[in-house]
Amino acid sequence: MLTVIKFGGSSLATAEKIYNAAAIAWDHKKQGKDVVMVVSARGKSTDELLLQASRIVREPDTRELDVLLSTGEQVSMSLVAMQLISMGVPAVSLCGWQAGILTEDKHNSSRIISIHTERILEELRSGRIVVVAGFQGVDSRGDITTIGRGGSDTSAVALAAALGADECLIYTDVDGVYSADPNMAEGALRHTTLGYDQMLEMASLGAGVLHNRSVELAKSKGVKLSVLSSLSSSGGTEIAPQPMEGSRVSGVICDKKTALLEMFSQGIGDLPDVLQLLAQSGIGADMIISHTGRTGLTVPQNRAKDALRLLLDNADRLGLSSVCADTNVAKLSLVGCGLCSDACVAARMLGALKEQGIHIRSMVAAEIKISVLIPYADAEQGVRGVHREFFGK
Ligand code: ASP
Ligand code: MG
């Protein structure tokens, strides 16, 4: 049996936690499994590396930034491997390029194209635990690449898929995926199992537990994926093909890092060109609502200024008479399945927000999620109210 286990930055932040992660890997090994361990950078070290770069230059060269950022994972993998070896457990650490992780020729948010598993398999055959640096790979020229913030979950799933692993276990400092952020909603429930589609929506909407691309990949490659606590052996959430258990609603997610762009035009304006222009700059638009003369859409908050500048610069060509951006909003979403087939779901969600006196700027509904845009200041109260409506106290 082959297991891929992944440890996030918070689960490796201290010497004690490194020991703990090594002990978990050793436990799996003692059960007779082959173990590949994927690690991310310790604590907030990726943020610190970014800060260091920003002190040198405002917009660092993307190739050199990848060289810098990849060092965070290299620190983790060596510390974990030396810990294992000191415990008498055969182990070896491998960087992305040593592990055969080939990516696109693109820096900072590259995608994994293929994994040449020979070296990993050779190390496993010789009885070692293989500790692989997450978040990084190598491009066709042999240059180091990184695959996007939070990407080591995706490294783990990609390795599990390439190796045909029996399971991919993501160890983190929470013990699973909850119906809402437990810090926001009292009585949030842990899912024991959750469908790939629901998990993908929750991850994409900012649930913060898993990198959304890892869920997408797990679904398409049929990787058995679980979220487990690195601190306790109980709990956990298994991401599985079945839709979900019990209720039709699986969670309430709030994304506070969003911004609303509003644009006005004489006719219907040129929405396809607007979207294309944003897409060309790598700005993803969501919650697109267009009526004659007015279009609203949301973009990630950290791209709002770029998006605004882009649309203003091209206003004439796009037939826009004015454009404005509002960052004082939050996107509150209900995730589940069959949400539109049951009209009561939307009514209950809106009713719960109304009861809290929360004003809704716009709303989009689909079978798998219903999102509303509300004032930023009402985000927590909104999550609590909607969560209470669907999950009780
Ligand atoms: N260290 C990287 C980051 O902070 C990758 C990861 O943690 O998954 O984004
Ligand atoms: Mg993470």
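None of these values were measured; they are calculated from a predicted model.

Enquirer: I'm lost on the overall build of the chain in this one. Help?
Expert: Per the secondary structure count, the chain includes 12 helices and 20 strands. Rg of the C-alpha trace for the chain: 22 Å, near the compact-globule value of 21 Å for 393 residues, within the 12% margin. Overall size of the chain, expressed as C-alpha extent along the three principal axes, is 70 × 50 × 35 Å. Taking all 393 residues of the chain together, the buried fraction comes to 50%. The contacts of the chain with a sequence gap of at least 6 include a subset with a gap of at least 24, amounting to 74%. When the accessible surface of the chain is split by element, carbon and sulfur atoms take 50% of a total near 17500 Å². Both charge centroids of the chain, one from 38 positive and one from 44 negative side chains, sit 2 Å from each other.

Enquirer: How should I be thinking about the packing of aromatic side chains in this particular structure?
Expert: Aromatic ring pairs: the centre-centre distance and the angle between the two ring planes describe each pair. A full pass over the atoms with the stated rule returns 1 aromatic pair. A centroid spacing of 4.9 Å and a plane angle of 5 degrees characterise the contact between phenylalanine 7 and tyrosine 171, whose relative ring orientation is stacked. With a gap of 164 residues between them, phenylalanine 7 in strand 1 (residues 2-7) and tyrosine 171 in strand 9 (residues 167-172) connect regions that are remote in the sequence. For phenylalanine 7, a relative accessible area of 0% corresponds to the buried category. For tyrosine 171, a relative accessible area of 7% translates into the label buried.

Enquirer: In this structure, what is going on with the side chain of serine 40? I would like to understand it.
Expert: Tracing the backbone shows serine 40 in the loop between strand 2 (34-39) and helix 2 (45-56). Using a relative accessible area of 8% as the deciding quantity, one classes serine 40 as buried. Once residues within four sequence positions are removed from consideration, serine 40 is found in contact with Lys6, Phe7, Gly8, Gly9, Leu12, Glu73, Ser76 and Ser152.

Enquirer: Help me understand the sheet that holds strand 11 (residues 225-229) in this model?
Expert: In sheet architecture, strand pairing relies on hydrogen bonds along the backbone and comes in two forms, parallel and antiparallel. Judged by pairing direction, the sheet is mixed, and its 8 strands sit side by side in the order 3-6-2-1-9-11-12-10 without closing on themselves. In this open sheet, the two strands that pair with only one neighbour each are strand 3 (91-94) and strand 10 (193-195). Averaged over all pairs of adjacent strands, the angle between strand axes in this sheet comes to 20 degrees, irrespective of strand direction. With 3 bridges joining them, strand 11 and strand 12 (residues 237-240) adopt antiparallel strand pairing. Across the sheet, valine 227 pairs through a bridge with threonine 237, a residue of strand 12.

Enquirer: Any chance you could explain helix 2 here in plain terms?
Expert: Residues three or four positions apart in an α-helix share a direction because the helix packs 3.6 residues into each turn. The terminal C-alpha atoms of helix 2, which comprises 12 residues, lie 17 Å apart, in line with the 16 Å expected from a rise of 1.5 Å per residue. For helix 2, every residue scored as buried is listed here: Ser45, Thr46, Leu49 and Ala53. Looking down the long axis of helix 2, one finds its buried residues gathered within 105 degrees of arc, a one-sided arrangement.

Enquirer: Quick question: what am I supposed to make of the sheet that holds strand 15 (residues 286-291) here?
Expert: An order of 15-16-14-17 is seen for the 4 strands of this open sheet, with the pairing classed as antiparallel. One side of each edge strand has no neighbouring strand; the edge strands of this open sheet are strand 15 and strand 17 (320-326). Averaged over all pairs of adjacent strands, the angle between strand axes in this sheet comes to 15 degrees, irrespective of strand direction.

Enquirer: What should I look at first to understand the site of ligand 1 in this one?
Expert: If you check the shell around ligand 1, you find Ser40, Ala41, Thr46, Glu73, Phe135, Arg149, Gly150, Gly151 and Ser152 and nothing else. Contact distances for ligand 1 include 2.8 Å between an oxygen atom and a backbone N or O atom of glycine 150. In isolation ligand 1 has 260 Å² of accessible area, and contact with the protein removes 86% of it. Here the residues of the shell around ligand 1 sort into 2 nonpolar, 5 polar and 2 charged.

Enquirer: Help me out: how do you make sense of unusual backbone geometry in this one?
Expert: Excluding glycine, a negative phi dihedral is what most residues carry, and trans is how most peptide bonds are arranged. Notably, phenylalanine 135 is not glycine yet its phi reads approximately 75 degrees, a positive angle. Residue classification places phenylalanine 135 among the buried residues on the basis of a relative accessible area of 4%. Positive phi outside glycine occurs at methionine 287, with the angle close to 45 degrees. Within the secondary structure, methionine 287 is located in strand 15. The exposure class assigned to methionine 287 is buried, which follows from its relative accessible area of 4%.

Reading the values: rules and limits
Residues numbered from 1 in each chain as written. Chains lettered and ligands numbered in written order. Predicted model: local features only at pLDDT ≥ 70, side-chain atom pairs only at ≥ 80, totals over all residues. Heavy atoms only, no water. Helix = DSSP H or I, 4+ residues; strand = E, 2+ residues; numbered from the N terminus. Rg over C-alpha atoms; globule rule 2.2 N^0.38 Å. Buried < 20%, exposed > 50% of the residue type's maximum accessible area, 1.4 Å probe, protein only. Contact = heavy atoms within 4.5 Å. Areas by Shrake-Rupley, 256 points an atom, 1.4 Å probe, with all protein chains shown as cover. Lys, Arg positive; Asp, Glu negative; His and termini not counted. Charge placed at Lys NZ, Arg CZ, Asp CG, Glu CD. Phe/Tyr/Trp six-rings, centres within 6.5 Å; stacked < 30°, edge-to-face > 60°. Pairing = 2+ DSSP bridges. Axes fitted to C-alpha atoms, helices over the stretch in contact; angles between N-to-C directions. Expected span 1.5 Å × (residues − 1). Arc of directions from axis to C-beta. Near = heavy atom within 4 Å. Polar contact = N/O pair within 3.5 Å; in protein donor to acceptor, adjacent residues only side chain to side chain. Nonpolar A, V, L, I, M, F, W, Y, C, P; charged D, E, K, R; others polar.

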